[in-house]
Amino acid sequence: MAGENKFKKWLAVLIFLLPGLAGLVLFNLYPILVSAYLSLTDWDLLTKPHFIGFANYADVFHEEKSRIAIGNTFKFIIGYVPLVLVSSLALAILLNRKIRFQAFYRAAVFVPVITSWVAVSIIWRWILNGQSGLLNYLLSQIGIQGPIWLSDFFWAMPSIIMVSVWKDVGFFAIIFLAGLQEIAGEYYEAAQIDGATPLQQQLKISLPMITPSIFFVVVIAMINSFQLFDQVLVMTNGGPAGATSSIVEQIFKNAFKSGRMGFAAAQSWVLFGFIFVVTLLQYQLQKRWVNYDR
Amino acid sequence: MIDKNALLRDMITHLILLVAVVILTVPFIWMLSGAFKDTLEVVKLPPRFLPSKYNFDNFKEIGKYFPMGRFLLNSIFVSVVTSFLQVLICAMSAFVFAKIRFRGSGFLFMLFMITMMIPFQVTMTPLYVLFQKFNLIDTYLGLILPGIFSAYGTFLLRQHMLTIPNVLLEAAFIDGASYIRVFAKLILPLSKPALATLVIFAFMGCWNNFLWPLIIINSNELMTLPLGLSMLTGRWATVWNVLMAGNVISFIPIFVVYLFAQKYFIRGITMSGVKG
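Residues numbered from 1 in each chain as written. Chains lettered and ligands numbered in written order. Predicted model: local features only at pLDDT ≥ 70, side-chain atom pairs only at ≥ 80, totals over all residues. Heavy atoms only, no water.

Comments concerning the overall build of chain B
In step 1: Counting its secondary structure elements, chain B contains 14 helices and zero strands.
In step 2: Written out in order from the N terminus, the α and β elements of chain B read α-α-α-α-α-α-α-α-α-α-α-α-α-α.
In step 3: Over its C-alpha trace chain B gives a radius of gyration of 24 Å, far above what one expects of a compact globule, namely 19 Å for 276 residues.
In step 4: Expressed along its principal axes, the backbone C-alpha trace of chain B runs to roughly 75 × 70 × 35 Å.
In step 5: Out of the 276 residues belonging to chain B, those deemed buried represent 55%.
In step 6: Accessible surface, chain B: about 12700 Å² in total, of which carbon and sulfur atoms supply 68%.
In step 7: Side chains of chain B carry 21 positive and 10 negative charges; the gap between the two charge centres is 8 Å. (Helix = DSSP H or I, 4+ residues; strand = E, 2+ residues; numbered from the N terminus. Rg over C-alpha atoms; globule rule 2.2 N^0.38 Å. Buried < 20%, exposed > 50% of the residue type's maximum accessible area, 1.4 Å probe, protein only. Areas by Shrake-Rupley, 256 points an atom, 1.4 Å probe, with all protein chains shown as cover. Lys, Arg positive; Asp, Glu negative; His and termini not counted. Charge placed at Lys NZ, Arg CZ, Asp CG, Glu CD.)

Put into structure tokens, the structure is as follows:
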């Protein structure tokens, strides 16, 4: 690009990149290296860290609480990802139709997205309350006796999944909407002339054309799921009896409540390992189903 | 015939969307009405959607549990400063990566991208230790610093700046403009939609951030709204009406920001290339 003077160019690179680069090194690269080292020690924040090799990593998979948290995180993913994917895609297809009040609908579905998890969790704890909650009242109106959702060992995780889908569906719908709007109108016109029904148009044109968006949403939804934390801490604090404890919830409690920094660091690297492997796998698999020709 | 079908389809679309909107917004409307109810009415079944009497005491009542005004100001201050600095720093880095060719550019950009994959949980413990060394625990600076750097924001803005034609910049350089001038007078104004998108993302992320403030803040004077609200649920779980009043207060500022920046949103997401 332009700028004849080499000195000026390098000065500009230096000045413009300095703050970002400093942030990268101080708040990302350096802590990453420290964390890798800490995960090999038994540091408790008070005494000097001892090097103990990979013992923490073995414990991550052996200790019961930690194993339960890993299992719960995967349960969450299995429930949450397909649900949020299907519902946001359906919502986006409807939001993309040229109808009245479109702007209103688009704004309304985004309301849960902009709210903090803490506030959302509080509202839903109230709605899911066993005795005086709105949901059980509505269920009782159609003759169903609702469970005590968040305090029930079986229903606690499905409740967290349900609320998470509710909060995120608008965000992913907007991403799908952006993808749908990229599709040229001619495709639909041509299909219409050939006599394709609206359903056929969605299945044969929209769906294959937005596979890149679907891929993006699946990757992001998975990465976010692995980091399940806020809603768990505020809604159930990991209970009842560990039914909703998650990997990050355990990292937080080990590092800042029990002073097991080394162990928490190992847990966080295992978490990263999961995210890395799953994301890599998705990138490998995408060649089979994601279609980038437009 | 075709028109009739189209009308029917529109009606079905409206119907489904209305149901979706009800499911997605009723909890908020209930929260809003709950904020004005008294202690008994808020848990009364069958629920009334409108309070029988509008009661503003709940908003004052919060003061008994935590200093709402203080927490609100903290949240506003931290979110405004963080998102301003984040957008500025990201724009500066993005400008370099999008518009200046130099040796090592590819490598540095890759480093930025790699940090996007590392979850915050990995860096959070060492960051806490680092901040402890620099006496940043329980300070505004400690709250703000980790949020001002965003690899994602750099990526988003760079994607947009790549679409700005190079001839524009060349013309400016020939006229003798400096890099700083080109950045301030050309790049920034032309990147408005992308900047607006990042502003919302940054503000939202900071306003709603829970984990980092939870770790780094101990004293009441520095706490942000999510911390205050979570304190309420721990100890005062039954005071639903007061809780909902607090929720309403925490929701309004973020909603206002969203309304202002909304029109850029879908465009911004499209441009950032997230759709593939």
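Once the structure has been displayed, the description carries forward.
Observations regarding the overall build of chain A
In step 1: Along its length, chain A carries 14 helices and zero strands.
In step 2: N-terminal to C-terminal, the α/β element order of chain A is α-α-α-α-α-α-α-α-α-α-α-α-α-α.
In step 3: Its C-alpha radius of gyration of 24 Å places chain A more than 25% over the 19 Å reference for a compact globule of 294 residues.
In step 4: With the principal axes as the frame, chain A shows a C-alpha extent of 75 × 75 × 35 Å.
In step 5: Counting contacts in chain A only where the partners sit at least 6 residues apart, residues at least 24 apart contribute 68% of the total.
In step 6: Only carbon and sulfur atoms are counted for the fraction: they give 66% of the accessible area of chain A, which is about 13600 Å².
In step 7: Counting 20 positive and 15 negative side-chain charges, chain A places the averaged centre of each group 3 Å from the other. (Contact = heavy atoms within 4.5 Å.)

Describing the packing of aromatic side chains
In step 1: Tallied over the entire structure, the rule returns 43 aromatic pairs over all chains.
In step 2: Ring geometry for Trp126(A) versus Trp30(B): centroids 3.9 Å apart, planes at 10°, classification stacked. Here Trp30(B) lies in helix H1 (residues 2-34) and Trp126(A) lies in helix H6 (residues 117-127), a pairing that spans two chains. No difference in accessibility class separates Trp126(A) from Trp30(B), as the two residues are buried.
In step 3: Measuring from ring centre to ring centre gives 5.8 Å for Phe120(B) and Trp212(B), while their planes differ by 85°; the resulting arrangement is edge-to-face. With Phe120(B) in helix H6 (residues 120-133) and Trp212(B) in helix H12 (residues 211-216), this residue pair connects regions lying 92 residues apart in the sequence.
In step 4: The exposure class assigned to Phe120(B) is partly exposed, which follows from its relative accessible area of 28%.
In step 5: Through pairs of rings, three or more aromatic residues link up here, namely Trp124(A), Trp166(A), Phe28(B), Phe251(B) and Phe255(B). (Phe/Tyr/Trp six-rings, centres within 6.5 Å; stacked < 30°, edge-to-face > 60°.)

Thoughts on the packing of helix H13 (residues 247-256) of chain A against helix H14 (residues 261-289) of chain A
Residues and elements named next belong to chain A.
In step 1: Interhelical geometry of H13 versus H14 gives an angle of 160° and a closest axis separation of 8 Å. With respect to H14, the element H13 is oriented roughly antiparallel. Along this stretch, H13 crosses H14, giving a crossing that reads as left-handed. Of the residues in H14, those in contact with Ile247, Val248, Gln250, Ile251, Asn254, Ala255 and Phe256 of H13 are Met261, Phe263, Ala264, Gln267, Ser268, Leu271 and Phe274.
In step 2: Partitioned by chemical class, the residues of the contact of H13 with H14 number ten nonpolar, four polar and no charged. (Axes fitted to C-alpha atoms, helices over the stretch in contact; angles between N-to-C directions. Parallel < 35°, antiparallel > 145°, perpendicular 65-115°, else oblique. Left-handed = near helix turned anticlockwise from the far one by under 90°. Nonpolar A, V, L, I, M, F, W, Y, C, P; charged D, E, K, R; others polar.)

Quick word on the interface of chain B and chain A
In step 1: Facing 92 residues of chain B, the contacting portion of chain A comprises 94 residues.
In step 2: Buried area between chain B and chain A, summed over both chains or domains, comes out near 8700 Å², and the portion from carbon and sulfur atoms is 81%.
In step 3: Run the count over chain B and chain A and you get one salt bridge.
In step 4: A salt bridge links Asp10(B) to Arg97(A), with the nearest nitrogen and oxygen atoms 3.2 Å apart.
In step 5: Take the side of chain B that touches chain A: its biggest share by element is 17 residues, from H1(B).
In step 6: Across the side of chain B that touches chain A, the residue classes tally to 65 nonpolar, 19 polar and eight charged. (Buried area = accessible area lost by both parts, 1.4 Å probe. Salt bridge = Lys/Arg side-chain N within 4 Å of Asp/Glu carboxyl O.)

Comments concerning the pattern of salt bridges
In step 1: One pass over the full model with this rule turns up five salt bridges over all chains.
In step 2: As a salt-bridge pair, Arg260(A) and Glu63(A) come within 2.8 Å of each other at their nearest N and O atoms. A residue pair is termed long-range when its members are at least 10 positions apart, and Arg260(A) in the loop between H13 and H14 and Glu63(A) in the loop between helix H2 (55-62) and helix H3 (64-95) qualify at 197 residues.
In step 3: Looking at Arg260(A), the relative accessible area reads 29%, which means it is partly exposed.
In step 4: Given the relative accessible area of 26%, Glu63(A) is considered partly exposed.
In step 5: We note a salt bridge from Lys60(B) to Asp57(B), for which the minimum N-O separation is 3.9 Å. Of this pair, Lys60(B) and Asp57(B) both sit in helix H3 (residues 57-65), three residues apart, which is roughly one turn of the helix.
In step 6: By relative accessible area, Asp57(B) is classed as partly exposed at 44%.

Here we look at H6(B)
In step 1: For H6(B), which comprises 14 residues, the first-to-last C-alpha distance of 20 Å matches the rise-based estimate of 20 Å (1.5 Å per residue) to within 8%.
In step 2: Of all the bends in H6(B), the largest measures some 25° and sits at Pro126(B).
In step 3: In terms of burial, H6(B) is a largely internal element, eleven of the 14 residues being buried.
In step 4: Those residues of H6(B) that sit buried are Gln121(B), Val122(B), Thr123(B), Met124(B), Thr125(B), Pro126(B), Leu127(B), Tyr128(B), Val129(B), Leu130(B) and Phe131(B).
In step 5: On its buried face, H6(B) is in contact with helix H1 (6-38), H13 and H14 of chain A together with helix H7 (140-144) and H12 of chain B.
In step 6: Positioned one or two residues after H6(B), Asn135(B) has a phi angle of 55°, which is positive. (Expected span 1.5 Å × (residues − 1). Bend = angle between axes of the 7 residues up to and from the residue.)

Considerations on the confidence of the model for chain B
All names here are of chain B.
In step 1: Scored by pLDDT, chain B comes out at a mean of 86, with 93% of its residues at no less than 70.
In step 2: Mean pLDDT across the elements of chain B bottoms out in helix H13 (residues 225-235) (79) and peaks in H7 (95).
In step 3: Predicted complex metrics record ipTM = 0.83 and pTM = 0.88. (pLDDT = per-residue confidence, 0-100.)

Considering a nonpolar patch on the surface
All names here are of chain A.
In step 1: A contiguous nonpolar patch, built from Phe7, Leu11, Leu14, Ile15 and Leu18 and spanning about 510 Å² of accessible area, is present on the exposed surface.
In step 2: Locating Ile15 in the fold gives a position in helix H1.
In step 3: You can call Ile15 partly exposed: its relative accessible area is 42%. (Patch = residues over 30% accessible without salt bridge, like charges linked within 9 Å, V, L, I, M, F, W, Y side chains within 5 Å.)

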